[in-house]
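# Examining the three-dimensional arrangement
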Amino acid sequence: DMPAGEDVTLDASQVYKLTGRVLVTDGSKLRIPAGTRIEGTGGTSAYIAVAQGGQIFVTGTAAAPVVMTSGLANPQPGDWGGVVVCGKAPTNRGATAQAEVSDLTYGGTVLDDNSGEIRYLRIEYSGAAFNSEKEFNGLSLFGVGSGTVISHVQIHAGADDGIEFYGGTVSASNLVMT
């Protein structure tokens with residue numbers, strides 16, 4: 001887990017092996033530049049989560065998207081969890097609720113809450129399942145606010161939903177599920 005206030009920028013020339021949870025805590029920032037590759041293994045234990053007050057900046061480009069994929073030799077849907085973002089925007093679950101995956105709190109009253117930006121991101125072979133009622137999606141947006149930018153996201157060969165919105169006020173554009 002990233003300590004509060006930490007600001008980490010990944011190096012696009014490295015391939016990152018995701019084998020456990022990366023938690024962007026309240027007040028922390030995770031920056032993932034264009035061309036970065038992250039390879040996940042470990043099923044439900046391998047995922048990236050942004051807690052309320054944390055921010056993620058995926059700044060891919062059309063020519064150099066950020067790719068989060070399986071790290072296995074023969075990739076299959078569900079090889080790793082996916083990306084979870086928990087914001088402070090309203091939901092229909094009351095004041096706050098617990099996220100289905102990651103057990104983080106989400107929701108609130110901050111319409112323009114800003115969890116960062118996700119641009120030109122491709123998520124592959126995600127959606128690991130705990131059971132038939134509890135599973136990761138490619139991208140799970142829990143109470144994400146309108147201050148967050150989400151555009152040009154592709155979810156490929158996921159085991160559950162490509163993108164799932166749990167309330168929130170974020171406007172996302174250019175989303176593709178294959």
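Up top is the structure.
Here the structure is a predicted model, which is why all the values come from computation and not from measurement.

Procedures and definitions
- Residues numbered from 1 in each chain as written.
- Predicted model: local features only at pLDDT ≥ 70, side-chain atom pairs only at ≥ 80, totals over all residues.
- Heavy atoms only, no water.
- Core = buried A, V, L, I, M, F, W, Y, C linked by side-chain atoms within 4.5 Å.
- Buried < 20%, exposed > 50% of the residue type's maximum accessible area, 1.4 Å probe, protein only.
- Helix = DSSP H or I, 4+ residues; strand = E, 2+ residues; numbered from the N terminus.
- Contact = heavy atoms within 4.5 Å.
- Pairing = 2+ DSSP bridges.
- Axes fitted to C-alpha atoms, helices over the stretch in contact; angles between N-to-C directions.
- Salt bridge = Lys/Arg side-chain N within 4 Å of Asp/Glu carboxyl O.
- Lys, Arg positive; Asp, Glu negative; His and termini not counted.
- Phe/Tyr/Trp six-rings, centres within 6.5 Å; stacked < 30°, edge-to-face > 60°.

## Focus on the nonpolar core
- If you look at the biggest cluster of nonpolar residues, it comprises 28 residues, and the most contacted ones within it are Ile32, Met68, Ile118 and Leu139.
- Elements supplying a minimum of two residues to this core: strand 4 (29–33), strand 6 (47–50), strand 7 (55–59), strand 8 (66–70), strand 9 (83–86), strand 12 (116–124), strand 15 (139–142) and strand 16 (149–156).
- Dropping the residues within four chain positions of it, Ile32 is found in contact with Leu10, Ile38, Ile56, Phe57, Val58, Thr59, Val66 and Met68.
- One finds Ala97, Ala99, Val101 and Phe136 within the second-largest nonpolar core, a separate group that totals 14 residues.

## With respect to the sheet that holds strand 3 (residues 21–24)
- Strand order in the open sheet formed by five strands is 3-6-9-15-17, and the pairing between neighbours is parallel. Two strands lie at the open edges of the sheet, namely strand 3 and strand 17 (163–166), each paired on one side alone. On average, each strand axis in the sheet is tilted by 10 degrees relative to the strand beside it, whichever way the strands run.
- Both strand 6 and strand 9 contribute to a ladder of three bridges, which runs parallel. By the bridge assignment for strand 9, Ile48 is matched with Val83.

## What about the pattern of salt bridges?
- The tally for this structure, following the rule as stated, stands at six salt bridges.
- We note a salt bridge from Asp1 to Arg21, for which the minimum N-O separation is 2.6 Å. Placement of the pair is Asp1 in the segment before strand 1 (7–9) and Arg21 in strand 3, with a sequence separation of 20 residues.
- Of the residues examined, Arg21 reaches a relative accessible area of 35% and is grouped as partly exposed.

## Structural notes on the side chain of Asp113
- With respect to the secondary-structure elements, Asp113 resides in the loop between strand 11 (105–106) and strand 12.
- Comment: no salt bridge for buried Asp113; closest opposite-charge side chain is Lys88, at 5.1 Å.
- With residues near it in sequence (within four places) discarded, Asp113 still touches Gly87, Lys88, Ala89, Gly145, Ser146, Gly147 and Thr148.

## Considering the packing of aromatic side chains
- Using the criterion set out here, one finds five aromatic pairs in the structure.
- An angle of 55 degrees between the planes, with centres 4.9 Å apart, marks the rings of Tyr106 and Phe142 as tilted. In this pair, Tyr106 is assigned in strand 11 and Phe142 in strand 15, connecting sequence segments 36 residues apart.
- Take Tyr106: its relative accessible area is 1%, and that puts it in the buried class.
- On the accessibility criterion, Phe142 (1% relative accessible area) is buried.
- Each ring, one from Tyr106 and one from Tyr166, has its centre 6.5 Å from the other, and the planes form 65 degrees; the classification is edge-to-face.

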